[in-house]
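Here's the letter readout for the chains.
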Amino acid sequence: MQHGTAAQWARRDAAAVWHGFTQMAAYEQSAPVIVERGEGNYLYDTDGRRYLDAISSLWVMTLGHADPDLNRAATEQLHRISHSTLLGNGNTAAIALAEVLRAVVPVADPHFLFASDGAAAVEQAIKIAFQYWHNQGVTDRTAYLALGSAYHGDSVGSLSVGDGGFGTDLFDPLRFGVLRTPGYDDPDWAARAISVLDEHHQELAAAVIEPLVQGAAGILVTDPDQVAAFAGAVQARGVPLICDEVATGFGRTGALFASELCGIRPDLMCLGKGITGGYVPLSATVASSDVYEEFLGEDLGPRTFYHGHSYSGNALACAVATRHLELLFERGLIDRAAEAAEHLGKALAPVAALPTVKEVRRRGLMTGVELDPPEGASRWGRRVCAAAVRTGVLLRPLGDVVVVMPPLSITDTEIDTIAATLVTAIQAVAAEEHAEP
Ligand SMILES: Cc1ncc(COP(=O)(O)O)c(C=O)c1O
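Residues numbered from 1 in each chain as written. Predicted model: local features only at pLDDT ≥ 70, side-chain atom pairs only at ≥ 80, totals over all residues. Heavy atoms only, no water.

1. Overview of the site of the ligand
Around the ligand lies a shell formed by Trp-59, Asp-117, Gly-118, Ala-119, Tyr-151, His-152, Gly-153, Glu-210, Asp-244, Val-246, Ala-247 and Lys-273. Backbone polar atom of Ala-119 to an oxygen atom of the ligand: 2.9 Å apart, as the coordinates give it. Asp-244 has a polar side-chain atom sitting 2.6 Å from a nitrogen atom of the ligand. Out of a free accessible area of 390 Å², the ligand has 83% covered by protein chains. (Near = heavy atom within 4 Å. Polar contact = N/O pair within 3.5 Å; in protein donor to acceptor, adjacent residues only side chain to side chain. Areas by Shrake-Rupley, 256 points an atom, 1.4 Å probe, with all protein chains shown as cover.)

The following block contains the structure:
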């Protein structure tokens, strides 16, 4: 059945689908938006209501939903082939994508190991770093340096380099230990990490960061200089640097990659989310030639990287990603994103001035509006976002931080709508709080 009201769809949804990071017992009552279709920067629900996608469908969409040019590329590839395995064989779409990415990623002479989710790209990077040392006969470099507040995904390895939160502490017994140094909420995070490096670098298989922005931590931001100082210190000590650009990649920070803004060249880089413009799942672990070449050896020998996913190098996803990258450049969207970010900064000034807003943090289009609820108030982030959704702007909080992550294709008028909606929503929730006995 393809028809029904939003309430009917929500009932069917709750009866059959399990949503991540969602309490299913409360799902149906929380008025979920059930999307039927998308067009440009908007989503349409089953009742025909329109929502401005101000979170880019959880930070993946870049140039609009159902884009005619990207649709054409997907359809053309579907007529050729959707998938064939990359284990031991190749496909033309994956080769073409790797070639175009080679020209733009800030990694020396790179090779690409494809997967489907950001977490898998991180997992691959962790394992590659581990075996990189093993292949050189070094078996005691088994530790990782990772930052406080870090988020790298939800598989057990990526969860381990991530720093708790979101109710994931439950899984602590499954996490492997890491050397944890402060996150971007500490202005001295880089210096403190470097002093830990001085002492422990010989134990490290790798160090991992989200360059410039710790997104899931509530958009914690840092300076390019600090990232560069940290990266320089890691690499000067011979430790591979993993840059997780799953969230920051593909234009969100105002450059194609945040690493470029920092002037760094990681040894391993993780790509995901925006790589296909939010169309189809695809991720990649990018390895420099120094790393990659340590895996070369005799056929079926121990230097081989024994890891792979069924959908690695999916031809449909790769064809979309290749066309998406072309479109980013053809449409000048990286420059446009930087301009839009400037406008967003100005448009959010009235939001930042509200007495119930603690701080607005932003790097490029990645923005966090941290609310300042009164003592004892609950779920402000959720309530503000719900108020925004009711007026047609789709937002989602991380605790009391409202994340604003518009697509690169956002217009100035749409940015103004987001800002005005936020002011009204925050004021409405604050007024409700005061009105409550
Ligand atoms: C920096 C970072 N790394 C990894 C991930 C995990 O990506 P995925 O949800 O595609 O597994 C995320 C997701 O938000 C992320 O922000």
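After that view, the rundown keeps rolling.
2. Quick notes on the packing of aromatic side chains
Throughout the structure, instances matching the rule amount to 9 aromatic pairs. Aromatic side chains Tyr-132 and Trp-133 sit 5.1 Å apart centroid to centroid with 75° between the ring planes, which places their arrangement in the edge-to-face category. Trp-133 matches Tyr-132 in its accessibility class, with the two residues each being buried. Residues Phe-250 and Phe-257 carry aromatic rings whose centres are separated by 5.2 Å and whose planes lie at 75° to one another, so their mutual orientation is edge-to-face. Accessibility classification places Phe-250 together with Phe-257 in one group, the buried group. (Phe/Tyr/Trp six-rings, centres within 6.5 Å; stacked < 30°, edge-to-face > 60°. Buried < 20%, exposed > 50% of the residue type's maximum accessible area, 1.4 Å probe, protein only.)

3. What about the pattern of salt bridges?
For the structure on display, the rule yields 22 salt bridges. Where Arg-102 meets Asp-109, a salt bridge forms, and the shortest distance between an N and an O atom there is 2.5 Å. As a salt-bridge pair, Arg-336 and Glu-339 come within 3.6 Å of each other at their nearest N and O atoms. Pair noted here: Arg-336 and Glu-339 are both in helix α13 (residues 333–347), with a separation of 3 residues, about one helical turn. Salt bridges sharing partners connect three or more residues here, namely Asp-67, Asp-69, Arg-72 and Arg-331. (Salt bridge = Lys/Arg side-chain N within 4 Å of Asp/Glu carboxyl O. Helix = DSSP H or I, 4+ residues; strand = E, 2+ residues; numbered from the N terminus.)

4. Quick look at the pairing of strand β13 (residues 357–363)
Where β13 and strand β14 (residues 366–371) come together, 6 bridges link them in antiparallel fashion. By the bridge assignment, Glu-359 is partnered in β14 with Glu-370. From the end of β13 to the start of β14, which pair antiparallel, there are 2 residues, and Gly-364 there has a positive phi angle of about 65°. (Pairing = 2+ DSSP bridges.)

5. A short note on a nonpolar patch on the surface
A surface patch of nonpolar side chains, about 390 Å² in accessible area, is lined by Val-156, Leu-170, Phe-171 and Leu-174. Looking at the element boundaries, Val-156 is found in helix α7 (residues 156–161). (Patch = residues over 30% accessible without salt bridge, like charges linked within 9 Å, V, L, I, M, F, W, Y side chains within 5 Å.)

6. Some details on the domain arrangement of the chain
When the parts of a complex come together, some accessible area is lost, and that lost area is often used as the size of the interface. Each domain of the chain was delimited in the assignment, giving domain 1 (33–63 + 333–435) and domain 2 (69–330). For domain 1 versus domain 2, the separation of C-alpha centres amounts to 28 Å. If you look at the interface, domain 1 gives 26 residues, while domain 2 gives 29 residues. When domain 1 packs against domain 2, the two sides together hide about 2,200 Å² of surface, and 68% of this comes from carbon and sulfur. Taken as a group, Ile-334, Arg-363 and Met-366 account for 32% of the area that domain 1 buries against domain 2, more than any other trio of residues on that side. One can count 0 salt bridges joining domain 1 with domain 2. Here domain 1 and domain 2 share 14 residue pairs in polar contact (both at pLDDT 80 or more) between them. Those elements that provide at least two residues to the side of domain 1 that touches domain 2 are α3 (56–59), α13, β13, β14 and β17 (401–404). Here the element with the most residues in the side of domain 1 that touches domain 2 is α13; it accounts for 4 residues. The residue makeup of the side of domain 1 that touches domain 2, split by class, is 18 nonpolar, 5 polar and 3 charged. (Domains from an automatic or database assignment. Contact = heavy atoms within 4.5 Å. Buried area = accessible area lost by both parts, 1.4 Å probe. Nonpolar A, V, L, I, M, F, W, Y, C, P; charged D, E, K, R; others polar.)

7. Describing the packing of helix α5 (residues 92–102) against helix α12 (residues 315–330)
How two helices pack is summed up by the angle between their axes together with the distance between the axes. The geometry of α5 relative to α12 is characterised by a closest axis approach of 8 Å and an angle of 30° between their N-to-C directions. Considering the relative orientation of α5 and α12, their crossing is left-handed. In this structure, α5 uses Ala-93, Ala-94, Ala-96, Leu-97, Val-100 and Leu-101 to contact α12, whose residues at the interface are Ala-315, Cys-318, Ala-319, Ala-321, Thr-322 and Leu-325. Partitioned by chemical class, the residues of the contact of α5 with α12 number 11 nonpolar, 1 polar and no charged. (Axes fitted to C-alpha atoms, helices over the stretch in contact; angles between N-to-C directions. Left-handed = near helix turned anticlockwise from the far one by under 90°.)

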